[in-house]
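Survey of secondary and tertiary structure
Listed here are the chains, written in short residue letters.
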Amino acid sequence: MTSPTGPLAGVRVLDLTAVVMGPLATQILGDLGADVITVENRQGDINRTMTRGLVRGLSGVSLNLLRNKRNITLDVANPLGRDALLRIAATCDVFVTNLRPASLERLRLDYPDVAAVRPDVIYCQANGFPSDSSRADDPAFDDIIQTAGGVADLFQRAGLPPMLIPTLLADKVSGLVIVYSIIAALFHRERTGAGQRVEVPMTDALRAFLLAEHGGSAIVGKGPAGYPRILTPNRAPARTADGWIAVQPHRDAQWVALVREAGLDDLADDPRLTNRGLWHEPSFGYETLGRVLATRTTAHWLAFCAEHGIPAAPAAGLDEIIEALPDAEHPAGKYKLIPPPTRFSATPASVRRPAPLPGQHNHEVLAEAGLTETEIDELEAAGVLRGEGQ
């Protein structure tokens, strides 16, 4: 393993999260240089079996989500497991979990319990719903939060059946909120020495994300919610003579240039193809783009748009995007690495560790926390640990 070079080098994170939201957050923290210790139960995380993978327990999803992490399998419901966990927590700067409030209380792993062994800890708790709400202990997955957060309503406002966006939107948005919240709390601690509890309700994270533009006129009480240009079923890539392309003219002169290039001169002075007109009739703009772009090839329009400063891109397929990713080696085989998306000039993010198997670092992590070989053997004998790599 190479040494971390990222801005969070030297920060240690104890990760009690599962599925996608929390593991994505801790993957990013790990990419940024943090030493992430993930605690799985003896059955292993769901993300290990979400898709096909290299071997059992290393799905295509988990190979990237679990990178830059060390892994232990610990039954924290067992008093011996809980005690071992708290000994690890005492060595960590950050404790992050998506266990629900009732579970944390039952396990005696609330903020006061962890702060008792690490007073300056950043304790981040992420759940579906706010801890002070009536739904605090309700289970939540991405489908539930997208629906509760208004995503299905967006489709209805666009004249479509209620649907969900075909990506784990709520999970991933919440994961990003977890990351920036932890980093902000670490910055506060750096200045003051004080730790704190940070809560990230998924419903609140998705609400803030969607309403940035879809609060619309309703924010000031002067109209309905929603950003009109986006709430049209015609907002989509358009077919060209030989493929698909997205083009987004944003000046009146660009609309004029496009319609003239397509031989639709009669539309050059149409007031609906102005910024003011498109605010009122966004569907007409997309319908017109469809007519315009169908007259030439994708290559023609890309060259034309580049010449006229019009944003444009050909429609890419997921398979070709994945094929372009760099290859990486895992002890179990070759896979495609999703590179860290941020580029630092002085403290670059990096991928230093391949995704571990469950329990791969049991002895290493427990020994670092001060447990003796005899104590570790006792945990194994009591069934608190899962054998390494099993």
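Counting starts from 1 at the beginning of each chain's written sequence and moves along it residue by residue. Local features are withheld for residues below a pLDDT of 70 in this predicted model, meaning they are given only at 70 or higher, and side-chain atom pairs are given and counted only at 80 or more; totals for whole chains, interfaces and linings count all residues. Here the side-chain values reflect all heavy atoms present in the structure, with hydrogen atoms and water set aside.

**Section: the sheet that holds strand β8 (residues 196-201)**
What counts, and what does not: What makes two strands pair is DSSP finding at least two bridges between them. Put simply, DSSP marks the helices as runs of H or I at least four residues long and the strands as runs of E at least two long, and each gets a number from the N terminus on. Orientation is described by lines fitted to C-alpha atoms, with helices fitted over the stretch in contact, and by angles between N-to-C directions that extend from 0 to 180 degrees. In this description, contact between two residues means that some pair of their heavy atoms is separated by no more than 4.5 Å.
Strands sit in the order β5-β2-β1-β6-β7-β8 across an open sheet of six strands; the sheet is parallel. Since the sheet does not close on itself, it has two edges, and those belong to β5 (69-73) and β8, each with one partner. Across this sheet, the average inter-strand angle for adjacent strands is 20 degrees, counted without regard to direction. Two elements, strand β6 (residues 94-97) and strand β7 (residues 122-127), share four bridges in a ladder whose sense is parallel. Paired with Thr 97 across the strands is Gln 125, a residue of β7. Here helix α9 (residues 202-214) sits on the sheet and contacts β7 and β8; the angle it forms with β8, its principal contact strand, is near 65 degrees.

**Describing the nonpolar core**
Note the threshold: By convention a nonpolar core is built from buried Ala, Val, Leu, Ile, Met, Phe, Trp, Tyr and Cys residues, the set being connected through side-chain atoms within 4.5 Å. Burial classes follow relative accessibility: with a 1.4 Å probe on protein chains only, a residue under 20% of its type's maximum area counts as buried, one over 50% as exposed, and anything between as partly exposed.
Counting 36 residues, the largest nonpolar core has Val 13, Ile 178 and Ile 182 as its most contacted members. Put simply, the parts of the chain that give this core at least two residues each are α1 (21-31), β6, β7, α7 (151-157), α8 (169-192), β8 and α9. Here this core takes nine residues from α8, the largest share from any one element. Not counting chain neighbours up to four residues away, the residues in contact with Val 13 comprise Thr 26, Leu 29, Ala 34, Asp 35, Val 36, Ile 37, Cys 92, Val 94 and Val 96. Core analysis: the next-biggest nonpolar cluster, separate from the first, contains 29 residues, Phe 95, Leu 107, Leu 109 and Leu 371 among them.

**Describing the side chain of Arg 82**
Along the chain, Arg 82 turns up in helix α3 (residues 79-89). Among residues more than four places away in sequence, those in contact with Arg 82 are Asp 75, Val 76, Leu 107, Arg 108, Leu 109 and Asp 113.

**Here we look at the packing of aromatic side chains**
Selection rule: The pairing test for Phe, Tyr and Trp rings, Trp by its six-membered ring, is centres within 6.5 Å, and the orientation test on the planes gives stacked under 30 degrees, edge-to-face over 60, and tilted for anything in between. Each ring is checked for a lysine NZ or an arginine CZ that lies within 6 Å of its centre and within 35 degrees of its normal; such an atom marks a charge sitting over the ring.
One pass over the structure, following the stated rule, counts four aromatic pairs. With centroids separated by 5.1 Å and ring planes inclined at 5 degrees, the aromatic side chains of Phe 95 and Tyr 123 adopt a geometry described as stacked. Of this pair, Phe 95 sits in strand β6 while Tyr 123 sits in strand β7, and the two are 28 residues apart along the sequence. Accessibility assignment for this pair places Phe 95 and Tyr 123 in one class, buried. Centroid distance Trp 301 to Phe 304: 5.5 Å. Interplanar angle 90 degrees. Geometry classified as edge-to-face. Linking Trp 301 with Phe 304, this pair stays in helix α13 (residues 298-308), spanning three residues, or about one helical turn. The exposure class assigned to Trp 301 is buried, which follows from its relative accessible area of 0%. Three or more aromatic residues link up through ring pairs in this structure, and these residues are Phe 95, Tyr 111 and Tyr 123. Sitting over the ring of Phe 284, Arg 272 keeps its end group 3.6 Å from the ring centre.

**Some points on α8**
Each turn of an α-helix holds 3.6 residues, which means side chains three or four residues apart point in the same direction. Defined as follows: To estimate the expected span of a helix, count its residues, drop one, and scale the result by 1.5 Å.
Here α8 contains 24 residues, and its C-alpha end-to-end distance of 35 Å stays within 8% of the 34 Å for a straight helix at 1.5 Å per residue. Positive phi appears at Gly 193, one or two residues downstream of α8, with a value of about 85 degrees.

**A short note on unusual backbone geometry**
The phi dihedral of Asn 68 falls on the positive side, at around 55 degrees, and the residue is not glycine. Among the residues examined, Asn 68 registers a relative accessible area of 2% and is labelled buried. With a phi close to 60 degrees, Arg 108 is a non-glycine residue in the positive phi region. Secondary-structure assignment places Arg 108 in the loop between α4 (101-107) and α5 (111-115).

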